Amino acid sequence: MISASAAAAAETGPPSGTPQPAADEKPQSDKPGAEKPAGDKSANDVVVTARSAGIARDPTWRGGAVRHLGRRALENRPGGLDASFRTMLLQLPGVTKNAGSGGEVFFRNEHLGAQYRLNGIIIPESFAAYGALLDDRLADSVDVATGALLPEFGLRTSGVIAFDTPTGRFTHDADVSVYGGSNGYLQTTATVRDSIGDLNVFVSGTFLRDQGEPYAAPGTANQVRDSADYGNGFAYASYNFTNASSLTAIGGLESFNYRIPNTALDPAVVGLNRQGLFDSSALDQTQWNQTRFAILAYQYKSDKWEVTLSPFVRHARTRYAPVAGGTAALVGGTVNDFVQSSLVWGGQADLRWKVGDSHIISIGGYFSEDRLTGDTVNRVFPVGVLGPPTGTVSRLVPVRAAITTRTWSAYVQDEWDLSDALTFNFGLRYDRFSGLIDEDQLSPRANLVWTPTDTIIWHIGYARNFSPPPIELLGGGILGALRNTNAPFINGTAAPVVAERQHSFDFGVEKYVGAFTLTLNGYLKLSDSLLDLQQIGDTLVQTPFNFARGENWGVEAAISYERGPFNAYFNVARGQQRGRRITSNAYLFDAPELGVIANQYIYTDHSQQWTLSGGGAIELENRLGKLTPSFSFEYGSGQGANRPINGVANIGSYPEYVEFYFGLGQALGKKPGGRQPMLRLDVTTEVYFGPVSGVSPLSSRTGYRPNTTVSAGLRFPF
């Protein structure tokens, strides 16, 4: 989600009787490149990881690669808390942005892999590619986990982003802020954090207007109607009944309004009820997205037991409409007024039992039901036997569709300390998904974490994963209704989308050398029915499809340094994802393309071979308060849309790029807890090495913004 500024969290000590971190607990680095020790007992043991007044806990991160982001890292990056949380994720190894849809990020070149949690509570998904439903200003720290994780983490497993709130009672902390700059960018926010007795409360609101980057990528410079309005509200309240139990309510709403960019004199746009060129600069493609959600969670914690019970509900709605001069325009000879809504309800249940000094046994389950409805009004021309339109008068083809899906999950796992240096984690997970078809899978998982000394940690693991597709409504019904028209469905094949089944292998090592931390991680993922997404026409809505087979491998290396007020980090990742043979929703592709993909692997359109990132910050005391200069960068070798394989040219590719971020934050005053005005000045510079090739100039994927942007802001506490 798009996030904005907030005052730093200021908290008092936890109430009497709250479990405390062990005295020998190793403090976690706040550097974006730092990895959280996977086998560190103090970092993972159930007894010492209290969060939010000692009730909620850290997820169990034994095995896999985990990067820990403390409050200091969130505040001291370019843009500070005014920057999108997405920019923070892009500073982690193996995380890339979507070149064709600027709001989405990928973990290890995988679509649909992100899962968000708050104090161990699962946050329901929004529509695909629209990000998290959380406000990161609430977080005291964030852990990002990848790799072969334990059975309790399922369905979306390529990246788990876990937010933790501050420990103890919240101290009063409120602010308003204004932040803006180039491209008509303006963001206003307000936050309040406080406690009333045993009740902790956090409330925030944001409004943002951006006239230069709603899902924009590099392209031609003559884009028009490229803007977005965004607003959100978020609320969190947690009441402690005792030192061992709490009831937490989480809720929020957000609204996006995109005006999708287009170009003048585009041959893909024709006038209503006639064929031929049309002034496409008058085309006003608009998409609205709205999401609301609510969660109620009961959590209990003692020396031996932990319990989480958390029902939730989420409603989301999106609409797309191309309009020109108050009337519908035809894009590619057709037009769709598209409305889709989703109502999801469900819940999670988790139980952890500490057995002696060597075992932590966990069991749990998850259930959700999703009712998706859609209405599409299609304006098309009839076609003759040979294919071209037979007339100049279009006709309306309304299509209504609905589907209900259900997901059941259950797991059991044991975290077994074989010795002080070796931990064996293993378990089983069962998932069942019902929709157009019924599917299920029993998934074994296991990993070893070896800590031979205090300065090195090794891990190796295997996980069998089951990932259901996001439900979608395009399929046989719509294809049948649009037969014998010029609708852009290339063929009539719409086999149902199925769940992806994956074998995931993961290894890694972390080494501490003085103030330096060095990490190396590698992975191999072999998939049946690899899931991918295809954009529906010129909307920002994506529909899933399957490759019969998929392969994904990569290596990630990171080095970080932290001493006193200074920190720096550098990450490099090499990886790729490929798929072969389309097995569902083949109507999205033409026959030659399907023929090529049927016989050989192609790179997925979000696969990026090389990714580099790095940066640093330093805190400097001065007469005004504290000045924090910061710097970061990210480099990508470029994603391709079906890159050429074995000499067969497909659609094209995006260029390699590098982005530089420079930031200055000046705190005005020296009050404890960060309660002082904050001035910010930030500069972003983008460099693209080559043109975008093989992409329709009408698509939102060819948006443009200037190479350099300047932003400034003021946050004022009250």
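Only a predicted model underlies this, so the values are computations on that prediction, with no experimental measurement involved.

## Brief notes about the overall build of the protein
Turning to step 1, where the next piece is worked out: In terms of regular secondary structure, the protein is built from 6 helices and 38 strands.
Turning to step 2, where the next piece is worked out: By the burial criterion, 58% of the 718 residues in the protein qualify as buried.
Turning to step 3, where the next piece is worked out: When contacts within the protein are restricted to residue pairs at least 6 apart in sequence, those whose partners lie at least 24 apart make up 70%.
Turning to step 4, where the next piece is worked out: Counting only carbon and sulfur atoms, one obtains 61% of the accessible surface of the protein, whose full area is about 26,200 Å².

## A few points about the environment of glutamine 441
Turning to step 1, where the next piece is worked out: You can see glutamine 441 is positioned in strand β24 (residues 438–453).
Turning to step 2, where the next piece is worked out: Leaving out residues up to four positions away in the same chain, glutamine 441 has contacts with Arg429, Tyr430, Asp431, Arg464, Asn465, Phe466 and Arg501.
Turning to step 3, where the next piece is worked out: Within the structure, glutamine 441 has its side chain in polar contact with the backbone oxygen of asparagine 465 (distance 3.1 Å).

## Regarding the pairing of strand β38 (residues 708–717)
Turning to step 1, where the next piece is worked out: Side chains of β38 alternate between two faces, with Thr709, Ser711, Gly713, Arg715 and Pro717 buried and Thr708, Val710, Ala712, Leu714 and Phe716 left unburied.
Turning to step 2, where the next piece is worked out: Across 7 bridges, strand β10 (residues 173–181) lies against β38 in antiparallel orientation. Across the sheet, tyrosine 179 pairs through a bridge with glycine 713, a residue of β38.
Turning to step 3, where the next piece is worked out: Across 8 bridges, strand β37 (residues 678–689) lies against β38 in antiparallel orientation. Along β38, the bridge assignment pairs valine 683 with valine 710.

## Side note on the pattern of salt bridges
Turning to step 1, where the next piece is worked out: Scanning all chains against the criterion turns up 25 salt bridges.
Turning to step 2, where the next piece is worked out: Between arginine 108 and glutamate 556 there is a salt bridge, with the nearest N and O atoms lying 2.9 Å from each other. Taken together, the residues arginine 108 in the loop between β5 (105–107) and β6 (114–118) and glutamate 556 in strand β28 (residues 542–563) connect sequence positions 448 residues apart.
Turning to step 3, where the next piece is worked out: Between glutamate 619 and lysine 626 there is a salt bridge; the shortest N-O distance is 3.7 Å.
Turning to step 4, where the next piece is worked out: A network of salt bridges, in which partner residues are shared, links Arg67, Arg108, Asp506 and Glu556.

## Brief notes about helix α6 (residues 591–599)
Residues three or four positions apart in an α-helix share a direction because the helix packs 3.6 residues into each turn.
Turning to step 1, where the next piece is worked out: Burial in α6 covers these residues: Glu593, Val596 and Ile597. With its buried residues spanning 95° around the axis, α6 presents them on a single face. Opposite its buried face, α6 presents the exposed residues Ala591, Pro592 and Asn599, each directed more than 90 degrees away.
Turning to step 2, where the next piece is worked out: Looking at the buried positions of α6, the neighbouring elements they touch are β28, β29 (566–582) and β30 (602–603).

## So, the nonpolar core
Turning to step 1, where the next piece is worked out: Core analysis: the biggest nonpolar cluster contains 36 residues, and Leu89, Val142, Ile161 and Phe163 have the highest contact counts within it.
Turning to step 2, where the next piece is worked out: The set of elements that each furnish at least two residues to this core consists of α4 (85–89), β5, β6, β7 (121–122), β8 (141–146), β9 (159–164), β13 (227–240) and β16 (283–301).
Turning to step 3, where the next piece is worked out: Setting aside residues up to four positions removed in sequence, leucine 89 forms contacts with Val95, Val105, Phe107, Tyr116, Val144 and Ile161.

## Regarding the sheet that holds β7
Turning to step 1, where the next piece is worked out: Taken together, 5 strands build an open sheet; the order of strands is β3-β8-β9-β6-β7 and the sheet is mixed. Each end of this open sheet is capped by a strand with a single partner; those strands are β3 (65–70) and β7.

## Quick word on the pairing of strand β23 (residues 422–434)
Turning to step 1, where the next piece is worked out: Direction of pairing for β23 relative to β24: antiparallel, over a ladder of 13 bridges. Following the sheet pairing, leucine 428 is matched in β24 by proline 444.
Turning to step 2, where the next piece is worked out: As consecutive antiparallel partners, β23 and β24 are separated by 3 residues.

## Concerning a nonpolar patch on the surface
Turning to step 1, where the next piece is worked out: A grouping of Val176, Val192, Val203, Leu624, Leu668, Leu679, Leu714, Phe716 and Phe718 is seen on the molecular surface, where their side chains present a nonpolar patch of about 750 Å² in accessible area.
Turning to step 2, where the next piece is worked out: Relative to the assigned elements, valine 192 resides in strand β11 (residues 185–196).
Turning to step 3, where the next piece is worked out: The exposure class of valine 192 is partly exposed, given its relative accessible area of 34%.

## A look at the confidence of the model for the protein
Turning to step 1, where the next piece is worked out: Confidence in the prediction of the protein, expressed as mean pLDDT, is 77, and 70% of residues score 70 or more.
Turning to step 2, where the next piece is worked out: Contacts of residues 214–222 to residues separated by more than four positions or lying in other chains number 41 contacts, the stretch itself having pLDDT below 50.
Turning to step 3, where the next piece is worked out: Confidence drops under pLDDT 50 across residues 692–706; counting only partners more than four residues distant or on other chains, this segment forms 66 contacts.

## Some words on the environment of aspartate 194
Turning to step 1, where the next piece is worked out: Mapped onto the elements, aspartate 194 comes out in strand β11.
Turning to step 2, where the next piece is worked out: Distance in space between the C-alpha atoms of aspartate 194 and alanine 237 is 9.8 Å, their sequence separation being 43 residues.
Turning to step 3, where the next piece is worked out: Once residues within four sequence positions are removed from consideration, aspartate 194 is found in contact with Phe170, Thr171, His172, Leu199, Asn200 and Val201.
Turning to step 4, where the next piece is worked out: One polar contact links aspartate 194 to histidine 172, side chain to side chain, over a distance of 3.2 Å.

## Side note on unusual backbone geometry
Turning to step 1, where the next piece is worked out: Positive phi, close to 60°, is recorded for serine 529, a residue that is not glycine.
Turning to step 2, where the next piece is worked out: Relative to the helices and strands, serine 529 is located in strand β27 (residues 516–535).
Turning to step 3, where the next piece is worked out: The buried category is assigned to serine 529, whose relative accessible area is 18%.
Turning to step 4, where the next piece is worked out: Phi is positive for arginine 581, which is not a glycine, with a value near 65°.
Turning to step 5, where the next piece is worked out: For arginine 581, a relative accessible area of 39% puts it in the partly exposed group.

## Points about the packing of aromatic side chains
Turning to step 1, where the next piece is worked out: The final tally for this structure, using the stated rule, is 19 aromatic pairs.
Turning to step 2, where the next piece is worked out: Centre to centre, the rings of phenylalanine 516 and tyrosine 561 are 4.8 Å apart; their planes meet at 55°, and the pair counts as tilted. Here phenylalanine 516 is found in strand β27, whereas its partner tyrosine 561 is found in strand β28, with 45 residues between them in sequence.
Turning to step 3, where the next piece is worked out: Accessibility expressed as a relative area gives 36% for phenylalanine 516, which makes it partly exposed.
Turning to step 4, where the next piece is worked out: On the accessibility criterion, tyrosine 561 (22% relative accessible area) is partly exposed.
Turning to step 5, where the next piece is worked out: In this structure an aromatic cluster arises from ring pairing among Phe570, Phe631, Phe633 and Phe662.
Turning to step 6, where the next piece is worked out: The ring of tyrosine 657 carries the charged tip of lysine 97 above its face, separated from the ring centre by 4.7 Å.

## Some remarks on the environment of glutamine 576
Turning to step 1, where the next piece is worked out: With respect to the element layout, glutamine 576 can be found in strand β29.
Turning to step 2, where the next piece is worked out: The exposure class assigned to glutamine 576 is buried, which follows from its relative accessible area of 9%.
Turning to step 3, where the next piece is worked out: Counting along the chain gives 33 residues from glutamine 576 to glutamine 609, while the straight-line C-alpha distance between them is 5.3 Å.
Turning to step 4, where the next piece is worked out: With residues near it in sequence (within four places) discarded, glutamine 576 still touches Asn109, Glu551, Asn552, Trp553, Tyr603, Ser607 and Gln609.
Turning to step 5, where the next piece is worked out: At a separation of 3.4 Å, a polar atom in the side chain of glutamine 576 contacts the side chain of tyrosine 603.

Scoring rules and cut-offs
Residues numbered from 1 in each chain as written. Predicted model: local features only at pLDDT ≥ 70, side-chain atom pairs only at ≥ 80, totals over all residues. Heavy atoms only, no water. Helix = DSSP H or I, 4+ residues; strand = E, 2+ residues; numbered from the N terminus. Buried < 20%, exposed > 50% of the residue type's maximum accessible area, 1.4 Å probe, protein only. Contact = heavy atoms within 4.5 Å. Areas by Shrake-Rupley, 256 points an atom, 1.4 Å probe, with all protein chains shown as cover. Polar contact = N/O pair within 3.5 Å; in protein donor to acceptor, adjacent residues only side chain to side chain. Pairing = 2+ DSSP bridges. Salt bridge = Lys/Arg side-chain N within 4 Å of Asp/Glu carboxyl O. Arc of directions from axis to C-beta. Core = buried A, V, L, I, M, F, W, Y, C linked by side-chain atoms within 4.5 Å. Patch = residues over 30% accessible without salt bridge, like charges linked within 9 Å, V, L, I, M, F, W, Y side chains within 5 Å. pLDDT = per-residue confidence, 0-100. Phe/Tyr/Trp six-rings, centres within 6.5 Å; stacked < 30°, edge-to-face > 60°. Lys NZ or Arg CZ within 6 Å of the ring centre and 35° of its normal.

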